[in-house]
Structures are given as structure tokens and as C-alpha cells.
Amino acid sequence: MGALHQSAVIVAAGRGSRMGLERNKVLYPVLGVPVIVRTAQAFAQSGLFDEIVIVASACDMEEMRAMLLSAGVPVRAIVEGGRDRQESVSRGVAACSAEAEIIAIHDGARPLVTREVIAATIDSARQYGTGVAAVMLKDTVKRVDERGVVVDTPMRDTLRAVQTPQTFAASLIRAAHARYADGNERGERATDDAMLAEWMGEAVRLTPGDAENIKLTTPEDMLLAQQVLLRRGEKSEEEKRMMMRIGHGYDVHRLVEGRDLILCGVNVPYTLGLLGHSDADVAYHALTDAILGAAAMGDIGRHFPDSDPQYKGADSGKLLDHVMALVHERGYAVSNVDVTIICQRPKLKDYIEQMRGNVARHLGVDVDCVNVKATTTEKLGFEGEGLGISAHAVACIYSLRHG
Ligand code: MG
């Protein structure tokens, strides 16, 4: 697109009442990703917009903010909705930056919108001032009276079902919202933005919508959306779980006098202990590196530099907790881990169960997902000579997000 400043307003201030759900339907996941995140992603990934504004109910704002942040979807603002759709959109439009020249308004509950549908509305708005996605009707429509008796039948080829996006020259939609803030001459409120443009006397241009660009309104719609996404090649939740990532970690610390020997958080009685900047828990360090490795997030030294005095004597379990929070933020969960401690003396077998329990607690997984084992090296090498202890770890993680 050219240099015009283009903004998107995504309206998600509705409730879940029609879905029989207590929460707003856009907070519910389809294939593991919340509807509002999918919708915002469709706009962000289209590359057509300079900014995205979300309109939400006050009670949903914080949750949406966290969801969008964790999915890495950039939004200019999340603003509180009004008493009806018209007022909600008006607030979203007001939150767009002053430079906005084109504003696309979209339902938060239409996550299946394609780039083609969005782009067609923008092209039209740039040329004519308006561009509204619409589709032909499959059903014949009847006009009825209060009793439900048919008055007449409009010819089907003169009818269209309108969707969103509805895209406008910013000056037009701002003027329309200002002029009809209290409704039109008959006191009517707009149920879509095209109505406002119509009231302004504008020729509203329709552009090709898409039968799949459905508004998720009922529980059946959620299932339909899932089917569409699977057909578009997205992985099922089961498949995503199967997509494992593996990481390996290795660490060594020297055994010296005057230090505690801490392995997987257990203070093991011994005459020597491991030397290090932190508590020198060599097993936790290897495990932390394995998890960082699986997430492709570098290594422990990058996150907790030796040179940083705040980690002096640090509890390595705390460092592990911090890394787990980072990994969760990226949308990963731990499947299982395996830790091997290479240590000639002391014997560790009596502490293994306690170590497994500690690891499971830090990782937030079942103890069945954690293995800790110890081996000697038949007195060979530095471990065998009792000069130090080393540890290896492998970790399997999986993404809870898009395949
Ligand atoms: Mg270390």
C-alpha cells in the first residue's frame, strides 16, 4: 500500500450471552488461540495497517491486554466500549492517531477474515471513501409485519449481507460519528458503520466479502471456525502437543572446602561443596540450560551473568523459576526432563526422590515427567578423581500456540 496512514478498529466489547457463555466469546480459544488474538493477528499480519485499536468491555480489558501481549500482537490502545456498538466504535475511532487517513472497522468475533477481504475494503475506501465487505445471499429474504406475515419479497439479487471490515476515509467516519452521536433524525442508532455513511448521504461501496468470514456467535460457529482453520492447514491442538522441541544442557563446578553441596535444590551432606558465583547447583544449571535450549532462548549466562552481583549466592531454583516464566510467556509448556549428575562421591541415591520432587515443583509438572539419575565415572576424569561434579540435562517442551 502507499503512504496513507491506515488504522484498524477492532470492536470486541460484546458479551457472551447468545453463546450461553458467561465470558465474552472473543476470549475463548479456537485451536488453542483466543478469538480476539486471532482477529488482531489477521490485521497485524496483513501488513496493511500502521496501528490497531481494540475496543473492549471494562471487565475484559486486562485479560485481552495480557493475551495480546503474550501473543506478541502490537496494539496502539485498548479502549473501553460504550453503551452500544455505535458508541463503542466511536470511542475506537477517537483513539486512532490524528494522522489516520483510512480507518477499517472490524468485528472482534470475525477471526477468519482474510488479507484479500481486508485489502479490497481499503482499496475501495482509498478510491471512493467507503469499502464494506459483503456477500450475496443464499436464502431468499422476506419482509414481514408485526404478526410475522409476509409483506413482500425483495428480489434476492438486489440484496447483500454485509460483514466487516467496513473501511472509510477517516474524515468521513469521524464526521459521521460526530454528527450522529445521539442517533439520526428518527432517533435510530447505527448497527453498522455503513449506516452512518448512508445517513451522511454517501454512496457506500461494497467489496467482495467471504463466506468464511463468519461472526462467531453460537457454539456451533466455534466448531465451524475450527474446521475452517484445520482446512487452512493449521495444526490441531493434539498435533501441536506432538510437536516437541528438545534442548540439552551441560555444566561443571569444582568441589572445594567450605561450601555446601547443593544438587537439584537438595543440600547433600558432604565434606566438600561446589564452588560458584551462585549456590553452584550444577544440576539445576544444566536443566535450566536445557529448557532455554529447547525454547531457543540462549543460555543461563545470558540471562544471569556471573558479573551481576545480584546473583551472588543465588538460589538456582529461583533462576529456574524465572526461566520457566520466560518460557511460559513464549507459549511453551514442559513435557518431560531428564537430568544426569556425574559424581564419584558422595552417593546420591538416597536424595534422588527429593530432587525429582524439587524439579517437578519448579517446572510445574507431575513428578512422572521428571527423571534424575546419578552416575560415577569409574574414578576416571575430573569427576572420578573427585575434583568436580558435572551434570547433563535434556528437556522436551511443546508450543501451546500455532503449529
Ligand atoms: Mg553453573
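Residues numbered from 1 in each chain as written. Predicted model: local features only at pLDDT ≥ 70, side-chain atom pairs only at ≥ 80, totals over all residues. Heavy atoms only, no water.

J.: Explanation requested: the nonpolar core in the structure shown.
T.: Note that soluble globular proteins tend to have their nonpolar side chains buried in a common cluster. Core analysis: the largest hydrophobic core is formed by 50 residues, its most contacted members being Leu263, Ile291, Ile341, Met355, Leu363 and Ile389. Ranked by the residues each element gives to this core, the list is headed by helix H9 (residues 282-294), at 9 residues. Not counting residues within four places of it along the chain, the set of residues in contact with Ile389 comprises Asp251, Val252, His253, Leu255, Leu261, Leu263, Leu274, Val282, Ile341, Ile342 and Cys343. Ranked by size, the runner-up nonpolar core spans 42 residues in total, among them Ala8, Ala40, Ala42 and Phe43. (Core = buried A, V, L, I, M, F, W, Y, C linked by side-chain atoms within 4.5 Å. Buried < 20%, exposed > 50% of the residue type's maximum accessible area, 1.4 Å probe, protein only. Helix = DSSP H or I, 4+ residues; strand = E, 2+ residues; numbered from the N terminus. Contact = heavy atoms within 4.5 Å.)

J.: Even after reading the chapter, I still don't get a nonpolar patch on the surface, so can you show me in this structure?
T.: On the surface, Tyr250, Val252, Phe382 and Leu387 cluster together into a nonpolar patch covering about 330 Å² of accessible area. Locating Phe382 in the fold gives a position in helix H13 (residues 381-384). (Patch = residues over 30% accessible without salt bridge, like charges linked within 9 Å, V, L, I, M, F, W, Y side chains within 5 Å. Areas by Shrake-Rupley, 256 points an atom, 1.4 Å probe, with all protein chains shown as cover. Salt bridge = Lys/Arg side-chain N within 4 Å of Asp/Glu carboxyl O.)

J.: What is the right way to read the sheet that holds strand S10 (residues 160-169) from this model?
T.: By way of backbone hydrogen bonds, the strands of a sheet pair with one another, either parallel or antiparallel. Overall, mixed pairing links the 7 strands, which are arranged S5-S4-S1-S6-S10-S7-S11 in an open sheet. Each edge of the open sheet is held by one strand with a lone partner, namely strand S5 (77-80) and strand S11 (206-208). Shown here is a sheet whose adjacent strand axes are inclined to one another by a mean of 30°, direction ignored. Sheet topology places strand S7 (residues 130-136) next to S10; 6 bridges connect them, and they run antiparallel. Each residue of the ladder has a partner; that of Val132, found in S10, is Gln166. Here helix H1 (residues 35-46) sits on the sheet and contacts strand S1 (6-12), strand S4 (51-56), strand S6 (102-107) and S10; the angle it forms with S1, its principal contact strand, is near 170°. (Pairing = 2+ DSSP bridges. Axes fitted to C-alpha atoms, helices over the stretch in contact; angles between N-to-C directions.)

J.: Is there a simple way to think about the pattern of salt bridges in this case?
T.: Side chains that carry opposite charge are capable of pairing whenever their charged atoms lie near each other. For the structure shown, the criterion picks out 17 salt bridges. In this structure, the salt-bridge partner of Asp145 is Arg147, at a minimum N-O distance of 2.7 Å. A relative accessible area of 19% places Asp145 in the buried class. A salt bridge links Arg186 to Glu188, with the shortest nitrogen-to-oxygen separation between them at 3.1 Å. Overall, Glu188 belongs to the partly exposed group, its relative accessible area being 35%. One network of salt bridges, in which partners are shared, links Arg85, Asp107, Arg110 and Asp193.

J.: Explanation requested: the domain arrangement of the chain in the structure shown.
T.: In many reports, interface size means the accessible area that the parts give up when they come together. One can read the domain layout of the chain as domain 1 (6-234) and domain 2 (244-399). One C-alpha centre belongs to domain 1, the other to domain 2, and the line joining them spans 50 Å. (Domains from an automatic or database assignment.)

J.: Help me understand the sheet that holds strand S17 (residues 370-375) in this model?
T.: Spatially, S15-S12-S18-S16-S17 is the arrangement adopted by the 5 strands of the open sheet, whose pairing is mixed. A strand with exactly one partner marks an edge of an open sheet, and here the two such strands are strand S15 (272-274) and S17. Strand-to-strand twist in this sheet, taken as the mean axis angle between neighbours without regard to direction, amounts to 20°. Relative to S17, strand S16 (residues 332-342) is paired through 6 bridges, and the arrangement is parallel.

J.: Can you walk me through the coordination of the magnesium ion in this structure?
T.: Six octahedral donors at a metal ideally form angles of 90 or 180 degrees, and four tetrahedral donors ideally form angles of 109.5 degrees. Bound to the magnesium ion on the protein side are Asp251 (OD), His253 (NE2) and His285 (ND1), at distances that span 2.1 to 2.3 Å. Donor residues for the magnesium ion sit on one chain with the sequence pattern D-x1-H-x31-H. Taken together, the residues span a long stretch of sequence, with Asp251 in strand S12 (residues 244-257) and His285 in helix H9 at a distance of 34 residues. (Donors = N, O, S within 2.8 Å, 3.2 Å for Na, K, Ca; no water.)

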